Amino acid sequence: MQLPGVSPRRRLARLLAAFLAVAGVGGLLAGCGGGSTPQDLPTVSGAVGEQAAITIPHGVTAPTSVVSSVLMQGNGAQLANGDAVVVNYTLMDWTGAKLIGSTYSTDKTPNKTQEFVLGSSTSLTSWNQVLPHVTIGSRVEIVTPPSGAFGANGATAYGITGKDDLIYVLDVVGAYPGTADITGTMAAQTDAGLPKVSGNPGAAAPTVTIPTGTAAPTTATSKVLIPGSGARIATDQRLMVQYVGVDWNTGKQFDSSFAQKQITSFVFGSTTVISGWNTGLAGRHVGDRVLLVIPAAAAYGSKGVPAAGIRGGDTLVFVVDIVDALS
């Protein structure tokens, strides 16, 4: 189940069905509306990196406009529109004084960090207003009326009505511009039966050339083209990646985060990506560029993805740059 009110970023191959976080608005500095003062707002306790404890003030009505406050100032870079922002969150309903959800939860989903593109139409306008210039590592409290959250329709799947005022406490884990990538230079490729990749990071998006007259392999292949110097990736980490995908059978590119100019993410080991990614990237490191050749059985099987030009039974080729891994 995805985060309340979040729309997944639908990339063509649906490879990386990254769950897009949503949340509230306001100014960077504490502000208030509807006659409320900061001391009338919910109090928040608990350490950054843990689920927040939110206490709603007794006998106080929620503000009629969005109010936000930076509870803890992080020492990282400032967020900017277009960044892929990764957050943890605690979400509470002021109206019902109940906890709706938390990425820190152990018994509910989502229980992982969430990623969204700041300034995009897939996140709430309230977050788009409050988060620019907030720094990585910050904890931010946002109180929003329905107009800054899910509007008159609410989010009924989570018990949120069109009249509910919401409280978000966000921990900003990381942020990446759309063009973020690894560094390094590829060595000459000597494997005659594998696709050739050109375009070094920082110079050009990778291009993939399928070997002429070579049948698509029936077994998966994973090869490091650029070795990174970062830590080995682990199951349940959120990987921030750039990638390009080409259909071996047609030679056509069907997807590319480079072309979209938008880094993307997925939780390693989860079912939000085709199984060939989880097996092919196992044991790799942050900073690696990895060539994956994935037969249909570990990709889209006999059905393919017709809308992407991927036919049933097609073997797929990916070049994946592992930019970061977040726990």
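Thresholds applied
Residues numbered from 1 in each chain as written. Predicted model: local features only at pLDDT ≥ 70, side-chain atom pairs only at ≥ 80, totals over all residues. Heavy atoms only, no water. Helix = DSSP H or I, 4+ residues; strand = E, 2+ residues; numbered from the N terminus. Buried < 20%, exposed > 50% of the residue type's maximum accessible area, 1.4 Å probe, protein only. Contact = heavy atoms within 4.5 Å. Areas by Shrake-Rupley, 256 points an atom, 1.4 Å probe, with all protein chains shown as cover. Phe/Tyr/Trp six-rings, centres within 6.5 Å; stacked < 30°, edge-to-face > 60°. Core = buried A, V, L, I, M, F, W, Y, C linked by side-chain atoms within 4.5 Å. Salt bridge = Lys/Arg side-chain N within 4 Å of Asp/Glu carboxyl O. Polar contact = N/O pair within 3.5 Å; in protein donor to acceptor, adjacent residues only side chain to side chain. Patch = residues over 30% accessible without salt bridge, like charges linked within 9 Å, V, L, I, M, F, W, Y side chains within 5 Å. pLDDT = per-residue confidence, 0-100. Pairing = 2+ DSSP bridges.

Notes on the overall build of the chain
- Tallying secondary structure elements over the chain gives three helices and 16 strands in all.
- Relative to its full complement of 327 residues, the chain shows a buried share of 54%.
- Sequence separation of at least 24 residues holds for 74% of the intrachain contacts in the chain that already meet a minimum separation of 6.
- Accessible surface for the chain amounts to roughly 13700 Å². Of this, 53% is attributable to carbon and sulfur atoms.

Observations concerning the packing of aromatic side chains
- Under the definition given, this model contains six aromatic pairs.
- A centroid spacing of 5.6 Å and a plane angle of 85° characterise the contact between Y243 and W277, whose relative ring orientation is edge-to-face. Of this pair, Y243 sits in strand β12 (residues 238-247) while W277 sits in helix α3 (residues 275-281), and the two are 34 residues apart along the sequence.
- By relative accessible area, W277 is classed as buried at 0%.
- For the ring pair F254 and F318, a centre distance of 5.7 Å and an interplane angle of 90° mean the geometry is edge-to-face. Linking F254 in strand β13 (residues 253-256) with F318 in strand β16 (residues 316-326), this pair joins segments that are 64 residues apart in sequence.

Quick look at the nonpolar core
- Counting residues in hydrophobic clusters, the biggest one holds 27 residues, and the most contacted among them are L79, L131 and Y168.
- Within the residue set of this core, elements represented by two or more residues are β4 (84-93), α1 (125-130), β7 (139-144) and β8 (166-176).
- Looking at this core, the element that brings in the most residues is β8, giving five residues.
- For L131, the contacting residues outside a window of four places in its chain are L79, F116, L118 and L170.

Side note on the pattern of salt bridges
- Applying the stated criterion across every chain, the model contains five salt bridges.
- A salt bridge links K112 to D236, with the nearest nitrogen and oxygen atoms 3.6 Å apart. One end of the pair, K112, is in the loop between β5 (98-102) and β6 (114-117); the other, D236, is in the loop between β11 (221-226) and β12, with 124 residues separating them in the sequence.
- You can call D236 partly exposed: its relative accessible area is 42%.

Description of the side chain of N128
- Counting through the fold element by element, N128 comes out in helix α1.
- The exposure class of N128 is buried, given its relative accessible area of 15%.
- Reaching out from N128, the side chain makes a polar contact with the side chain of S123 at a distance of 2.7 Å.

Considering the environment of F116
- Looking at the element boundaries, F116 is found in strand β6.
- Classification of F116 by relative accessible area gives buried; the value is 0%.
- The sequence separation of F116 and S265 amounts to 149 residues, and the corresponding C-alpha distance is 9.3 Å.

Regarding a nonpolar patch on the surface
- Among the surface-exposed residues, V48, L71 and M72 lie close enough to one another that they form a single nonpolar patch of about 250 Å² accessible area.
- Judged by relative accessible area, V48 falls into the partly exposed class, the value being 40%.

Considerations on the confidence of the model for the chain
- When pLDDT is averaged along the chain, the result is 87; 87% of the residues meet or exceed 70.
- Low confidence marks residues 1-36, where pLDDT is under 50. Its contacts with residues over four positions away, or in another chain, come to 142 contacts.

Side note on the environment of T221
- Within the secondary structure, T221 sits in strand β11.
- For T221, the contacting residues outside a window of four places in its chain are L194, L291, L292 and V293.

Quick look at the pairing of β8
- Counting buried positions along β8 yields ten of eleven residues, so the element is predominantly enclosed.
- Pairing between β4 and β8: ten bridges, direction antiparallel. The partner of V86 across the bridge, within β8, is G174.

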